[in-house]
Amino acid sequence: MKQKFTSVFTLAFIVLSSFFTVIKPQDKTIESKIDSLLSIMTLDEKIGQLTQLSANSWEFPGKSVISDEQKEAVKKGGVGSFLNLFGAEATRQVQKIAIEQSRLKIPIIFGYDVIHGYKTTFPVPLAEAASWDPEAVEKSSRIQAIEASAAGINWTFAPMVDIARDARWGRIVEGSGEDPYLGSVMAKARVKGFQGNNLADNTSLLACVKHFAGYGAAEGGRDYNTVDISERTLRDIYLRPFKAALDAGAGSFMCSFNEISGVPSSANKHLLTDIFRKEWKADGFILSDWNSIGELVVHGIAANTKEAAKLAITAGVDMDMESGCYKNDLKDLAVGKKISEDVINESARRILRAKYKLGLFDNPYKNCNPELEKTKILTKENIAAALDVAKKSIVLLKNDKNTLPLIKDIKTIAVIGPLAASKADPLGSWEQQGDSNNTVTVLEGVKSKLGSGSKVIYSKGCEIDETGKGGFADAINAAKEADKIILVIGEGGHMSGEAGSRSSLELPGVQEELAKALYETGKPVIAVLMNGRPLAIPWLSQNVPAIVEGWFLGHQAGAAIADVLFGDYNPSGKLPVTFPIATGQVPAYYNHKSTGRPGNDTVVFSSRYKDITPNPLYPFGFGLSYTKFDYSNLTLSANKIKIGEDIKVAVDVKNSGNYDGEEVVQLYVQDIAGSVTRPVKELKRFKKVFLKKGETKKMEFTLTDNDLAFYNIDMKFTVEPGMFKVFAGTNSEELISADFEVTE
Ligand code: BGC
């Protein structure tokens, strides 16, 4: 018996070694290589490929380690992937076990949450979306990939493309905001940036688009909460950025924690198989979220972990992140014929395919070179790119009487607030290996702009989220001594992000009171906000002369903000999310439906709250510049087109102010009457344009039938004949418009 086993293994070994040594990649297609490999894999080894374990990356800062038990599992071919294992040396050691000590030498794929940087921290994704600059965002993701790949990482759990219409939801910070079109453009840019031109390149990371799907529609904005949305809303709004990411070549998806109308994503066959596999014909693989398969029991859709594993694998989840359900239960299910082994084979195939595409079979250590790692991380080029996209992400919300930009020979300036000198908060959540010692604070940024003739006084004033006012007196004294006050307030870096939902969008703690106390001094207060979600700041908006939205801009936050404050960069960012006037106004989003009684300040029986205006504080797409842009001559190539035909739209944009500057020209469309109600407007195109002062440019756009289509009464994605409106302008509310008709 022993003899027989040995000879089977010897044979397998010979077949395999010839497979790896003789057959070159160009000799066989990936699929036939996978066929050969699968044919000699045991059931345990196949299930191993479907298993992702986490390294311990929290016990020792900057390090990640795996346990002896995990090492044993690698030797047995029981691990397809690790998450949270990073660093060229650490990954090399683990890969070495897989390659030298496991029977089939299948390389491990190392995944990590490279959300907005590995060591060089870029702006949080919501901030980057405010740049409306896909090239800058692609470059940011590219550099993040270069750094992370040099640290042995092959795979990033990004981009997060969840649409978020309720700012209470903490994870709004991880995505691109409320709009499916902007979200799709950003999703594409990030996938291209992470994956590069070819997954096999040394600097490419496999993208894992998440969280599939509907996670942002959690009831009440509470993280992990129930989602109950119609199939139409799911498709028209929430799925669009996922499809865009897939079209851009994304090689993997992560399913979400939430249920959708009764079925958790990790057990959702409709979503994972019918839509993803069959309709979209996706060949990438699907990863569960952390323990989301195990949580099927808690959801109350599986009686035990075995049922959970069965539901997940048959729904289409290929790899199990950390729950252990696949590792512990799949074998029994297959042996007991409760599931077919073919299902396991298919999942293993998809995972192996990704490993082949990444070139890991040819070079399992491709990213495990500690010497190279040192040269790729925190380079001057990376830091410069982080500064560039940080500047582009800043949104100027208010600038009365040209309060900004500030002059550089100012005599005395007070920099006040709990976030003014913070090094950690500007990194936001998912800062990963970003070291806060490398952060440029706003205080440092301001100081760097001023010469020896200027005095900078700093006072913290209060904490971010505490009630103590002991620091107010010092802050008021600083303010009284100064010509101008820069007040840096908002949320802590970890007040948004996963499990970062908040019931209130108002400024936390006593920060607004601090702002009021400083305002009382009569000195001009320039508010700089840091936050990972829209804030409800009506008092600030009505009273202080200037407001700069500074999000969490990463390591270069203070340098970027100072460039804007002192006019070295003319702000061009636009809000990717609506800023409500009060928390009670959320969900607040521009592309809402009309209702039969549209909200109106002066109409009692209209869709509004009695105590506040129906209008937001700052609309989607809003953002000022130090110059001014005028829109005129909105023209269409035709006032009637047939279904299937394109229509061209042109609009003149003039820089009529006193500075050169960039404008994001926005184009919206409204389908006036459909077989189902349509949003009051939807973003369809935008372009960023640089205009010298006095300069005018004609901006041209082409709309195709895809831009006019939607899921109609029969759930068919189609264009319906009828009247349409096209709007162009500087934000979703200040628009000029023209009409056209679509005929059969
Ligand atoms: C999050 C994911 C993340 C995963 C791994 C989960 O808790 O929901 O977004 O990728 O952890 O860190």
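What you are looking at is a predicted structure, and each value in this text was computed from that prediction instead of being measured. (Residues numbered from 1 in each chain as written. Predicted model: local features only at pLDDT ≥ 70, side-chain atom pairs only at ≥ 80, totals over all residues. Heavy atoms only, no water.)

**Overview of the packing of aromatic side chains**
For the structure on display, the rule yields 27 aromatic pairs. Among the aromatic residues, those joined into a cluster by ring pairs are Trp132, Tyr181, Tyr590, Phe620, Tyr668 and Phe686. Sitting above the plane of the Tyr365 ring, Arg92 keeps its charged end 4.8 Å from the centroid. It is Lys210 that lies over the ring of Trp430; its NZ or CZ is 5.3 Å from the centre. (Phe/Tyr/Trp six-rings, centres within 6.5 Å; stacked < 30°, edge-to-face > 60°. Lys NZ or Arg CZ within 6 Å of the ring centre and 35° of its normal.)

**Overview of the confidence of the model for the protein chain**
Any region with low pLDDT has predicted coordinates that should not be read closely. On average, the protein chain scores 95 in pLDDT, and the residues at 70 or more come to 96%. Every residue in residues 1-27 scores below 50 in pLDDT, and together they form 19 contacts with partners more than four places removed in sequence or on other chains. (pLDDT = per-residue confidence, 0-100. Contact = heavy atoms within 4.5 Å.)

**Here we look at the pattern of salt bridges**
By the definition in use, this model includes 51 salt bridges. Two residues, Asp133 and Lys392, come together in a salt bridge whose shortest N-O distance is 3.8 Å. Of this pair, Asp133 sits in the loop between α6 (125-129) and α7 (134-150) while Lys392 sits in helix α17 (residues 380-393), and the two are 259 residues apart along the sequence. Taken individually, Asp133 and Lys392 each receive the classification buried, so the pair is uniform in this respect. Between Arg502 and Glu491 there is a salt bridge whose closest N-O contact spans 2.9 Å. (Salt bridge = Lys/Arg side-chain N within 4 Å of Asp/Glu carboxyl O. Helix = DSSP H or I, 4+ residues; strand = E, 2+ residues; numbered from the N terminus. Buried < 20%, exposed > 50% of the residue type's maximum accessible area, 1.4 Å probe, protein only.)

**Regarding the environment of Ser176**
Tracing the backbone through its elements, the reader meets Ser176 in the loop between β4 (155-156) and α8 (180-195). Put simply, Ser176 and Ala187 are 11 residues apart on the chain and 8.2 Å apart in space, counted from C-alpha to C-alpha. Setting aside residues no more than four positions away along its own chain, Ser176 makes contact with Leu126, Ala129, Leu182, Gly183, Met186, Arg190 and Pro576. A distance of 3.1 Å separates the side chain of Ser176 from the side chain of Arg190, its partner in a polar contact. (Polar contact = N/O pair within 3.5 Å; in protein donor to acceptor, adjacent residues only side chain to side chain.)

**Quick notes on the nonpolar core**
In this structure, Ile416, Leu540, Trp551 and Leu565 are the most contacted members of the largest nonpolar core, which totals 87 residues. Among the elements that take part in this core, strand β15 (residues 525-530) stands out by supplying 6 residues, more than any other. Among residues more than four places away in sequence, those in contact with Leu565 are Leu404, Pro405, Leu406, Val446, Ile486, Ile526, Val528, Val548 and Tyr626. Counting 75 residues, the second-largest nonpolar core is a separate cluster that includes Leu43, Trp155, Phe157 and Ala315. (Core = buried A, V, L, I, M, F, W, Y, C linked by side-chain atoms within 4.5 Å.)

**Brief notes about the site of the ligand**
In the vicinity of the ligand, 13 residues are found, and the nearest of them are Asp113, Arg171, His211, Asp289 and Glu498. Asp289 is positioned such that a nitrogen or oxygen atom in its side chain is 2.6 Å from an oxygen atom of the ligand. Protein chains shield 93% of the accessible area of the ligand, which is 310 Å² for the free molecule. A class-by-class count of the residues in the shell around the ligand yields 7 nonpolar, 1 polar and 5 charged. (Near = heavy atom within 4 Å. Areas by Shrake-Rupley, 256 points an atom, 1.4 Å probe, with all protein chains shown as cover. Nonpolar A, V, L, I, M, F, W, Y, C, P; charged D, E, K, R; others polar.)

**Focus on the sheet that holds strand β16 (residues 546-549)**
Spatially, β11-β16-β15-β14-β12-β13 is the arrangement adopted by the 6 strands of the open sheet, whose pairing is mixed. The open sheet terminates on both sides in strands that have one partner only, identified here as β11 (395-399) and β13 (455-459). On average, each strand axis in the sheet is tilted by 15 degrees relative to the strand beside it, whichever way the strands run. When strand β12 (residues 412-416) meets strand β14 (residues 484-490), the two strands line up parallel, connected through 4 bridges. Within the sheet, the bridge partner assigned to Val415 lies in β14 and is Ile486. (Pairing = 2+ DSSP bridges. Axes fitted to C-alpha atoms, helices over the stretch in contact; angles between N-to-C directions.)

**Focus on the environment of Ala129**
Its location among the elements puts Ala129 in helix α6. Exposure remark for Ala129: the relative accessible area of 0% places this residue in the buried category. It is 5.1 Å that separates the C-alpha atoms of Ala129 and Ser176, two residues lying 47 residues apart in sequence. Excluding residues within four positions of it along the chain, Ala129 makes contact with Ser176, Leu182, Met186, Arg190 and Pro576.

**Some points on α17**
The first and last C-alpha atoms of α17 sit 20 Å apart over 14 residues, in line with the 20 Å expected at 1.5 Å per residue. Buried residues belonging to α17 abut α6, α7, α16 (370-376), β11, α22 (557-565) and β21 (682-691). (Expected span 1.5 Å × (residues − 1).)

**Focus on the packing of α17 against α22**
With their axes 9 Å apart at the nearest point, α17 and α22 run at an angle of 50 degrees to one another. The orientation of α17 relative to α22 falls into the category oblique. Taken as a pair, α17 and α22 cross one another with a handedness that is right-handed. Residue-level inspection shows Leu387, Ala390 and Lys391 of α17 in contact with α22, the latter providing Ala559, Ala560 and Asp563. Here the contact of α17 with α22 is composed, by residue class, of 4 nonpolar, no polar and 2 charged. (Parallel < 35°, antiparallel > 145°, perpendicular 65-115°, else oblique. Left-handed = near helix turned anticlockwise from the far one by under 90°.)

**Here we look at helix α19 (residues 472-481)**
Among the residues of α19, those classed as buried are Phe472, Ala475, Ala478 and Ala479. Buried positions in α19, seen along its axis, are confined to an arc of 125 degrees and lie on one side of it. Residues of α19 that are buried sit in contact with β12, β13, β14 and α20 (511-520). (Arc of directions from axis to C-beta.)

**So, the sheet that holds β21**
Within a beta sheet, neighbouring strands are joined by backbone hydrogen bonds and run either parallel or antiparallel to one another. One open sheet holds the 5 strands; their spatial order is β18-β26-β25-β20-β21, and the pairing between them is mixed. Only two strands of the sheet have a single partner each, and these edge strands are β18 (640-642) and β21. Sheet twist, expressed as the mean angle between neighbouring strand axes with direction ignored, is 25 degrees. Bridge count between strand β20 (residues 661-671) and strand β25 (residues 722-729): 6 bridges; the pairing is antiparallel. If you follow Val669 over to β25, its bridge partner there is Val726.

**With respect to the pairing of β25**
Most of β25 is tucked away, with 6 of its 8 residues classed as buried. Pairing of β25 with strand β26 (residues 735-743), which is carried by 8 bridges, proceeds in the antiparallel orientation. If you follow Phe727 over to β26, its bridge partner there is Ser737. Taken together, β25 and the strand that follows it, β26, pair antiparallel across an intervening segment of 5 residues.

**Remarks on the domain arrangement of the protein chain**
Frequently, the measure chosen for interface size is the accessible area that the parts lose on association. Taken domain by domain, the protein chain comprises domain 1 (386-585) and domain 2 (629-743). One C-alpha centre belongs to domain 1, the other to domain 2; they are set 34 Å apart. Domain 1 puts 6 residues into the contact, and the matching count from domain 2 is 9 residues. Summed over the three residues of domain 1 that lose the most area to domain 2, namely Asn570, Ser572 and Lys574, the buried surface amounts to 73% of that side. The interface formed by domain 1 and domain 2 includes 1 salt bridge. Notably, a salt bridge pairs Glu663 with Lys574, separated by 3.1 Å at the nearest N-O pair. Here domain 1 is connected to domain 2 by 5 residue pairs in polar contact (both at pLDDT 80 or more). A per-class count over the side of domain 1 that touches domain 2 returns 2 nonpolar, 2 polar and 2 charged. (Domains from an automatic or database assignment. Buried area = accessible area lost by both parts, 1.4 Å probe.)

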